[in-house]
Amino acid sequence: MKRVATVIRLRPEKEREYRELHAAVWPDVLAALHRARIGNYSIFLRDGLLFSYYEYTGDDLHTDLARLAEDETTQRWWQLTDPCQEPVTSAADGEWWAPMEEVFHDDGPR
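The structure displayed is predicted, hence computed values, not measured ones.

**Concerning the pairing of strand S1 (residues 2–10)**
Sheet analysis places S1 next to strand S3 (residues 49–56), joined by 8 bridges and oriented antiparallel. The residue bridging Ile8 from the neighbouring strand is Leu50, located in S3. By the bridge criterion, 2 bridges tie S1 to strand S5 (residues 98–99) in an arrangement that is antiparallel. The residue bridging Thr6 from the neighbouring strand is Pro99, located in S5. Where S1 and strand S4 (residues 85–86) come together, 2 bridges link them in antiparallel fashion. What sits directly across from Arg9, in S4, is Glu86.

Structure follows, in structure tokens:
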């Protein structure tokens, strides 16, 4: 399992719309995420930043994310959510959600 965290800015005027979309995520979008072996997915909001966390259980994250991006329902979903977001200033060229570096993790007592 691989833990993945990313960050992006939420346009302040789009916060209500973004919250409403995520209060009723389309079942087919969730199914596409699961087919891509993405689970335990959360998005958090603080001071205009969206922080996402998910766990990837496949063998080739790059390929599974590419397949997810090809999914027609996911593309329609992104047409609604993308206008609500803007990359952080440190994002690489062409990067939307910028990856974050894990600096600490604890699995708890064993």
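**Digging into unusual backbone geometry**
The phi dihedral of Arg37 falls on the positive side, at around 65°, and the residue is not glycine. Here Arg37 is to be found in the loop between helix H2 (27–35) and strand S2 (38–46). We classify Arg37 as partly exposed; its relative accessible area is 38%. One non-glycine residue, Asn40, adopts positive backbone phi at about 50°. Relative to the helices and strands, Asn40 resides in strand S2.

Definitions and limits used
- Residues numbered from 1 in each chain as written.
- Predicted model: local features only at pLDDT ≥ 70, side-chain atom pairs only at ≥ 80, totals over all residues.
- Heavy atoms only, no water.
- Pairing = 2+ DSSP bridges.
- Helix = DSSP H or I, 4+ residues; strand = E, 2+ residues; numbered from the N terminus.
- Buried < 20%, exposed > 50% of the residue type's maximum accessible area, 1.4 Å probe, protein only.

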